[in-house]
Amino acid sequence: MSSEQTLSADVVIVGSGVAGSSIANELARAGISVIVLEAGPRVDRQHFVDNFRNLENKPSYQGPFPAVPWARHPPNQMTPNEYLHTSGPNAEAYQQVYLRMMGGTTWHWAGCAWRYLPSDFELKTRYGQGRDWALSYDDLEPFYYQAEVMMGVCGPDPAKEDLGSPRKQPYPMEALPISYAAQQFRKLINEKTPYRVVHEPQARNTRPYDNRPTCEGHNNCMPICPIGAMYNGGYSVYHAEAAGAKFVPNAVVYRIERDSANKRVTAVHYMDPDKGSHRVTGKYFVIAAHCIETAKLLLVSADDQSPNGVANSSGHVGRNMMDHTGVQVTFISGDKALWPGRGPLETNVIDNFRDGSWRSERGAYLVHMVDDNQVDLATQLAISKGYVGKDLEEQIRYLAAHTVRLFSHNEALPDPENRLTLSKTNKDILGIPHPDVYYKLPDYTVKSCEHTRGVFKDLIGLMHGTDEQWTPGYFPQDHPSGSTIMGTDPKDSVVDGFCRTHDHENLFIASSSVFSTVGTGNITLTVAALALRVADTLKKELVHA
Amino acid sequence: MQQDRNGLPPAEWCATPNAMRLNRLMRMARRDALMGGLGLSVAGLFSSAQAQTAQTAAQSGEVGRFMAVSERLTDRTTLDSRIGTALYVGIVHANPDRQAKIQALATLLENSKPTSAAEFARAAEHEDPSLKEVIHDILAGWYRGVADGKVVVYRSALMFDITKDAVYPKTYATGGPFYWVSKPPEVARPTGKPALTPSPFVIEPT
Amino acid sequence: MPNTFMSSLIKGVYTLFGSSALIGALAAMPAQAQGTAPNTPPAAPSTPATATPPKAEAPTADTPAPAPAPAQAATTGADAATLERGAYIATAADCVACHTKPGGIPYAGGLKISTPMGDVISTNITPDPEHGIGAYTEQEFDQAVRHGVRRDGAYLYPVMPYVSYAGMTDQDVHALYLWFKDSVKPVATQPKPTELSFPANMRSAMAAWNFVTTKEQPETGDSATYDPMRRGRYLTTALEHCGTCHTPRNFMLSEKQDHFLAGASLGAWYAPNVTSSKTSGIGTWSEDDLVAYLRTGRLKGHAQAAGPMGEAVEHSTSKLTDKDLHAIAAYVLQVPAMEDDLEHKPRDSFGAAQDTPDLRTKEPTRIDDLSEMDGPHIYDANCSACHGHNGAGTLDQYAPSLFANSTVGSMRPDNLVMTILHGVNRNTKDGHAGMPGFDSHSDVQRLSNSEIAKLTNYLTATYGSGDAHVTPEKVEEFRKAL
């Protein structure tokens, strides 16, 4: 079935998350016509807030977002699950979750808006590991700032707290005042260890910003900020629509059509939920569909011209899958009451392990002290210990006040063997294969995680901790990257330094899938900065033309 | 269906978070199948079948006995009977054998007249070790607000009542911007002892 | 037309004069400063390429700085005391509210003030000789401010509250004139001219209205030396022109002097009865209460200013001296009580904290299930995060309680609906008060007419004076009113 009507625009974008919608916003404001095709539906906040409260397993941050059948996303981080199938020695460590809907996965991020370190872009040159990016920190710096203004990022005064990523401008908003628990943690680390705790830069309002309110500390950044104080891609969707961009929900792109020379993309084809097929033409195309779905789309689009998939002459589409696979522990501090869970979720980071000469041997990482309400966990723990009645209530209070949770983001390396392929057995209702991922943690990451465990054990000792609960194995951080890796050589990479595919001159990719290394900071700000740089390139080329 | 899984007893296949989650999902799937086509809720509270259970239970005094058991187990004298009714229906729906066991607890309560939750729980486990699981269900119901793998109450769960001077239930924080900078109350190390034997504790997976 | 009360008045005037330009009178005042905001493109995140990012000390909202920095060497030779007095008079008269467009340069005009017959565009009153009032003599300035007559002899649209300013003393007009000439930075831009449709564009009709309407009588002497009651009257009636919004108008659209401050609709927002009535007005408030309200825009546990009153507080009353605020409060609280036809119990006296368990029966629904919830659930999902599950607001009342709240308790749901639609954005020395709006531009949550109607009715039934029975159609009228 084919639609009579052909949609057309200067730029056609696949995916409405932070990458796709911010490009659409920039282009529409420059008077360029834009169509954004989003596989998932339109959504709204109030229903997610209601869903969260009705959710039995509150820590399950996919829980409030049951997917639509034509654009499934992983229902949880379990192996196996009904959508993303992982295999290999560390299958459980790559059980990523993400959201397919208008605005994308930032509906349930924690707002951590890190810039990468300059060294993250030169891992090969500096430490002989992994790869170098095809761009430098300085190339990206102006776009980092643009992304910070777009999202509304609060952060520390660089003169007082240098986070290692040089800034030409201060943060758009002042740093968030930190909670009592975080103050105590900071004090302990600063006084009793060689490490330091820094303010985490966050896309969160510390004052009214962009018609959204100041954070009120609902402690629910993940899975849903109930008041809109934290940025999500939905805002960029709204702003882009106001500027004239056209968004088509429930449009599942399944084919990328090229010209006879296979040099230019001529159209993308999408299916609606009823399997009706539609063709959308344009001058430029941007795939901004999340690391996993972007690679999946390029592979699904394989045809006679490109039997291994679109933009895949290198064979690297779907390879080099990375994440911040980490370590997580929860324990009961024997020191004074901290009462975590007052204020936003993630505000404090030990950043001493983000860079160092040892990076030639083992991966970098950062450590989050999670400021997460622990009342429910305390209750479950106290009941399992056998307490009842008044004694139970005293235990709940004590445990909730003394629970500490730490987790880490440990750096992976791009290994071509860590690979996304199309499922041969599972397809969605539109007939599109599910993604399969083989994953084996690089030794580099395993060594890093071992180091982290050592540091965590020291910290547990320092806080006189008991009741350690280590999350079994390795902990996926939902920061998948590398599946359409960036590089200067078309033989071993998929896109160039401007995120343009080597194979197709008018096809760009805006996603963490282009990352050449994954560094340690949360990936979203870098995704946004790269996307804004794509928008900048497109504006120049379209205006020039 | 729980029992069907690989023929293994729950203790063995509940060992990992993943397995625990699968167990829960399977339970939910079974419940959904049972509930399918039963129609819309009555009074916005229960499915019609559950509403009937609730009504029957209330008439027969089951809920009253559940409330008495609950008050003793929580060392509280005023529990909300609307919540209690919903919890009772959920607990019995998840595991029909709980109906008899709750009545057994009620009988024990009436006969032995324990003066504290700890005394009552200790006596119950002594009489029948399987009563521990029922006590866990009842405590999880009141303190966590869940029964039958579903939320019965969220913000009204007792765990938030106990901690309301320090933290808010997520999404219901009304301290105003930056309230979190202030110092929360200190908490003395509790001196009470467990009344029941310990059970494995597994953090729910996400 | 949003408001039946006003529309009937306007029809009357239209018949009388064959001109309805007079309705401009109703559209007076800071009300519309906020009103035009939704018509401007939503404030998008600025990018480094196109705009400087918002500074930490200034909110992103387009609120103009209230007082311009002296930009020019004194040209008038006026002494510092006179200029200071002029600046204070300008603040008390809240000139900036209308003569500045959102995000624009103070006093450079350009604010679109919507009236049912078209938009009145406020003029440039900076001392630019060509585009502003730089060429005005003091007498010409006085003619405009106190008599509504422009330099070329044309009558001003009574959007300009010259009937109130008519009460100013010669000395204060003099100081105001010198301050404008001396201290306001000239801006050489010309706001778009006002273009009302015929016959509303006949300024001659204004002459007729000007002739018949009731104006304040000029005060005399040195207003700084008045006793508190006289000073309070002067500030209330002449400078702050409270009656422009709060006093109902007669069929001629003149303020009904025998109903001073008895409450009136502004077409969308409602300026309530603030007479000394203990049932319909604010007679239960103390002088300190009213001073606190005027200084900060709120009286904890009773009332908050939003919309036009929020702006009046932000730009004007929050900047007055304590002594003047007390003078205003003392005067207002002795204004003869007027009983309201609808409200017979203080607006801030209704409701109490709710205490009901949140029994839940639903499990998470699919992401594309956007089905409309009922009133209590709309409240729970959108409002309770800040206003509390029990309606008590935040501990510090940053988000106010919804019970004992004059906006929720009013028999007229107008301001409640408008607040839900447009939110609150009020800056004073007391801090910032902010609530996101839920209209069709909201980034937080866009609520439908039906959802807002259900929410309003739930709120008024639960925390206010009873179910307001607002319909979705009524919400649509409010939505379109600004």
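This structure is a prediction, so every number in the text was calculated from the model and none was measured. (Residues numbered from 1 in each chain as written. Chains lettered and ligands numbered in written order. Predicted model: local features only at pLDDT ≥ 70, side-chain atom pairs only at ≥ 80, totals over all residues. Heavy atoms only, no water.)

S.K.: Please give an account of the overall build of chain C that cites residues and values.
M.R.: In terms of regular secondary structure, chain C is built from 19 helices and eight strands. A buried classification covers 59% of the 482 residues belonging to chain C. The contacts of chain C with a sequence gap of at least 6 include a subset with a gap of at least 24, amounting to 68%. Put simply, chain C shows about 18,900 Å² of open surface, and 56% of that area lies on carbon and sulfur atoms. (Helix = DSSP H or I, 4+ residues; strand = E, 2+ residues; numbered from the N terminus. Buried < 20%, exposed > 50% of the residue type's maximum accessible area, 1.4 Å probe, protein only. Contact = heavy atoms within 4.5 Å. Areas by Shrake-Rupley, 256 points an atom, 1.4 Å probe, with all protein chains shown as cover.)

S.K.: Summarise the overall build of chain B; cite the residues concerned and give the values.
M.R.: The helix and strand inventory of chain B stands at nine helices and two strands. Taken from the N to the C terminus, the helices and strands of chain B come in the order α-α-α-α-α-α-α-α-β-β-α. For chain B, long-range pairs separated by at least 24 residues make up 60% of all intrachain contacts whose partners lie at least 6 apart in sequence. In the form shown here, chain B has an accessible surface area of approximately 9,400 Å², with 57% of it arising from carbon and sulfur atoms.

S.K.: Can you explain the UniProt feature "binding site: heme c 1" (unreviewed entry) in chain C? Please cite residues and give values.
M.R.: Residues and elements named next belong to chain C. The positions that UniProt labels "binding site: heme c 1" (unreviewed entry) are, in the present scheme, Cys95, Cys98 and His99. Turning to its location among the elements, Cys98 is positioned in helix α4 (residues 95-98). The exposure class assigned to Cys98 is buried, which follows from its relative accessible area of 8%. If you trace the backbone, His99 turns up in the loop between α4 and β1 (112-115). (UniProt positions renumbered as here; feature names shortened; annotations may be inferred.)

S.K.: Could you give an account of the side chain of Ser401(C), naming the residues involved and the relevant values?
M.R.: Residues and elements named next belong to chain C. As for its placement among the helices and strands, Ser401 is situated in the loop between α15 (384-387) and α16 (406-409). With a relative accessible area of 6%, Ser401 lands in the buried category. Once residues within four sequence positions are removed from consideration, Ser401 is found in contact with Gly301, Gly391, Ala392 and Gly393.

S.K.: Got a sec to walk through the interface of chain A and chain B? Specific residues and values, please.
M.R.: Between chain A and chain B, the residue contacts involve 71 residues of the former and 67 residues of the latter. Applying the counting criterion to the chain A and chain B interface returns five salt bridges. Arg76(B) serves as the salt-bridge partner of Glu393(A), at 2.7 Å between the closest nitrogen and oxygen. Listing elements by their share of the side of chain A that touches chain B, those giving two or more residues are α2 (45-53), α5 (180-192), α8 (375-385) and α9 (389-402) of chain A. Per-element accounting of the side of chain A that touches chain B gives the leading share, 13 residues, to α9(A). Split by residue class, the side of chain A that touches chain B holds 29 nonpolar, 27 polar and 15 charged. (Salt bridge = Lys/Arg side-chain N within 4 Å of Asp/Glu carboxyl O. Nonpolar A, V, L, I, M, F, W, Y, C, P; charged D, E, K, R; others polar.)

S.K.: Explain unusual backbone geometry residue by residue, including any values.
M.R.: If a residue is not glycine, its phi is most likely negative; likewise, a peptide bond is most likely trans. Residue Pro223(A) follows Met222(A) across a cis peptide bond; omega there is 5 degrees. By the element assignment, Pro223(A) lies in the loop between β6 (197-199) and α6 (233-242).

S.K.: How would you explain the interface of chain C and chain B if you had to name every residue and give the values?
M.R.: Interfaces are often sized by the amount of accessible area the parts lose when they come together. Residue-level contacts link 18 residues of chain C with 24 residues of chain B. Between chain C and chain B the total buried area reaches about 1,700 Å² when both faces are included, carbon and sulfur atoms providing 54% of it. Of the residues forming the side of chain C that touches chain B, the biggest block, three residues, is contributed by α15(C). Classifying every residue of the side of chain C that touches chain B gives six nonpolar, seven polar and five charged. (Buried area = accessible area lost by both parts, 1.4 Å probe.)

S.K.: Run through the packing of helix α6 (residues 98-112) of chain B against helix α7 (residues 117-127) of chain B, naming residues and quoting values.
M.R.: All names here are of chain B. Running from N to C, α6 and α7 cross one another at 120 degrees; their axes reach a closest spacing of 11 Å. As far as their axial angle goes, α7 and α6 are oblique. Crossing of α6 over α7 shows right-handed handedness. Taking contact as the criterion, the partners of Leu105, Leu108 and Leu109 in α6 are, on α7, Phe120, Ala123, Ala124 and Glu127. (Axes fitted to C-alpha atoms, helices over the stretch in contact; angles between N-to-C directions. Parallel < 35°, antiparallel > 145°, perpendicular 65-115°, else oblique. Left-handed = near helix turned anticlockwise from the far one by under 90°.)

S.K.: Give a detailed account of the sheet that holds strand β14 (residues 403-410) of chain A, specifying residues and quantitative values.
M.R.: All names here are of chain A. Strand order in this open sheet of six strands is β6-β12-β13-β14-β11-β17, and the pairing throughout is antiparallel. Two strands in the sheet have a free side with no partner beyond their single neighbour: β6 and β17 (466-470). The mean inter-strand angle of the sheet, taken between neighbouring strand axes irrespective of direction, is 25 degrees. Sitting on the sheet, α5 is in contact with β6, β12 (346-350), β13 (365-370) and β14, with an inclination near 140 degrees to β6. (Pairing = 2+ DSSP bridges.)

S.K.: Tell me about the nonpolar core, and name the residues and values.
M.R.: Membership of the largest hydrophobic core comes to 153 residues, with the highest contact counts inside it found for Ile23(A), Leu37(A), Met151(A) and Val286(A). A per-element tally of this core places helix α11 (residues 524-544) of chain A first, with eleven residues. Once residues lying within four places of it in the same chain are set aside, the contact partners of Val286(A) are Val11(A), Val12(A), Ile13(A), Val14(A), Ile23(A), Phe508(A), Ala510(A), Val534(A) and Leu538(A). Of all hydrophobic cores here, the second largest spans 83 residues; its members include Val43(A), Ala382(A), Ile432(A) and Ala166(B). (Core = buried A, V, L, I, M, F, W, Y, C linked by side-chain atoms within 4.5 Å.)

S.K.: Account for the UniProt feature "domain: Cytochrome c" (unreviewed entry) in chain C, naming residues and giving values.
M.R.: Residue and element names in this part refer to chain C. UniProt tags residues 81-184, 227-336 and 370-463 as "domain: Cytochrome c" (unreviewed entry). Helix makes up 42% of residues 227-336 and strand 7%. Its end C-alpha atoms lie 20 Å apart. Along residues 370-463, the helical share is 43% and the strand share 11%, with 27 Å between the first and last C-alpha atoms.

S.K.: Tell me about helix α17 (residues 414-422) of chain C, and name the residues and values.
M.R.: All names here are of chain C. For α17, the buried fraction is high: nine of the nine residues fall into the buried class. What α17 keeps buried is the set Asp414, Asn415, Leu416, Val417, Met418, Thr419, Ile420, Leu421 and His422. Taken from the residues just after α17, Gly423 is the one with a positive phi, measuring 75 degrees.

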